[in-house]
Amino acid sequence: MDLQLKGKTALVTGASMGIGRAIARALAAEGVKLAVVARRESLLEELSREIAAAGAPAPEIIVADVMPEGAAEGIAAETRRRLGPVEILVNSAGGSQPALPVDAPESKWLEAMTLNYMRVRQLTHALLPGMIVPVM
């Protein structure tokens, strides 16, 4: 299928497994220049080999944890340094955990909100100015 994405630039977080990995493979098959981010370098290297074996250019591998303060800005900056402006962002980092009980400790709520909301928002905000195309 041709989604007319060839030559676009994308950043995919959570690319080491699951939905993020599948999206990275699909974007690479469409000819998208990729940066893939996750904590586990060995899984990202495996993904890179799979993508290259399928005939697409190997993605840029960025080994990073999205949780530390400043991680989103660092990931955005490193991606721009390696690939230039990012046109597609897939925020797939996260964890599927059972629902937190109402009486869960505050630290668990903060961790869940940081991973599934704050870092997504921060990474989006870090890249969004370069994704906006002026209307003439």
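Before any of the text, the structure's been laid out above.
Draft legend 1. Focus on the overall build of the protein. Scanning the protein from terminus to terminus reveals four helices and four strands. Traced from its N-terminal end to its C-terminal end, the protein shows the element sequence β-α-β-α-β-α-β-α. Here the protein has a C-alpha radius of gyration of 16 Å; the compact-globule value for 136 residues is 14 Å, and the two agree. Judged by the C-alpha coordinates and their principal axes, the protein covers about 50 × 40 × 25 Å. Burial analysis of the protein (136 residues in total) assigns 35% to the buried set. Accessible area for the protein stands at about 8200 Å²; split by element, carbon and sulfur atoms hold 59% of it. Averaged over its 14 positive side-chain charges, the protein has a centre that lies 4 Å from the centre of its 15 negative ones.

Draft legend 2. Highlighting the sheet that holds strand S4 (residues 88-90). The strand order S3-S2-S1-S4 describes an open sheet built from four strands, whose pairing is parallel. Single-partner strands in this sheet number two, and they are strand S3 (60-63) and S4. Strand-to-strand twist in this sheet, taken as the mean axis angle between neighbours without regard to direction, amounts to 15°. Examined bridge by bridge, strand S2 (residues 33-38) and S3 share four bridges and lie parallel to one another. Residue Ala 38 lies in a different strand from S3, and its bridge partner there is Val 63. Running at roughly 165° to strand S1 (residues 9-13), helix H1 (residues 18-29) makes contact with S1, S2 and S4 of the sheet. Set on the sheet, helix H3 (residues 71-83) makes contact with S1, S2 and S3; between it and S3 the angle comes to about 160°.

Draft legend 3. The packing of H1 against helix H2 (residues 41-53), seen in detail. Close contact between H1 and H2 brings their axes to 10 Å; oriented N to C, the two are set at 30°. For the element pair H1 / H2, the angle class is roughly parallel. Viewed along their axes, H1 and H2 form a crossing whose handedness is right-handed. Note on element contacts: H2 touches H1 through Leu 43, Glu 46, Leu 47, Glu 50 and Ile 51, opposite Arg 21, Ala 24, Arg 25 and Ala 28. Its residues assigned to classes, the contact of H1 with H2 comprises five nonpolar, no polar and four charged.

Rules used in this analysis
Residues numbered from 1 in each chain as written. Predicted model: local features only at pLDDT ≥ 70, side-chain atom pairs only at ≥ 80, totals over all residues. Heavy atoms only, no water. Helix = DSSP H or I, 4+ residues; strand = E, 2+ residues; numbered from the N terminus. Rg over C-alpha atoms; globule rule 2.2 N^0.38 Å. Buried < 20%, exposed > 50% of the residue type's maximum accessible area, 1.4 Å probe, protein only. Areas by Shrake-Rupley, 256 points an atom, 1.4 Å probe, with all protein chains shown as cover. Lys, Arg positive; Asp, Glu negative; His and termini not counted. Charge placed at Lys NZ, Arg CZ, Asp CG, Glu CD. Pairing = 2+ DSSP bridges. Axes fitted to C-alpha atoms, helices over the stretch in contact; angles between N-to-C directions. Contact = heavy atoms within 4.5 Å. Parallel < 35°, antiparallel > 145°, perpendicular 65-115°, else oblique. Left-handed = near helix turned anticlockwise from the far one by under 90°. Nonpolar A, V, L, I, M, F, W, Y, C, P; charged D, E, K, R; others polar.

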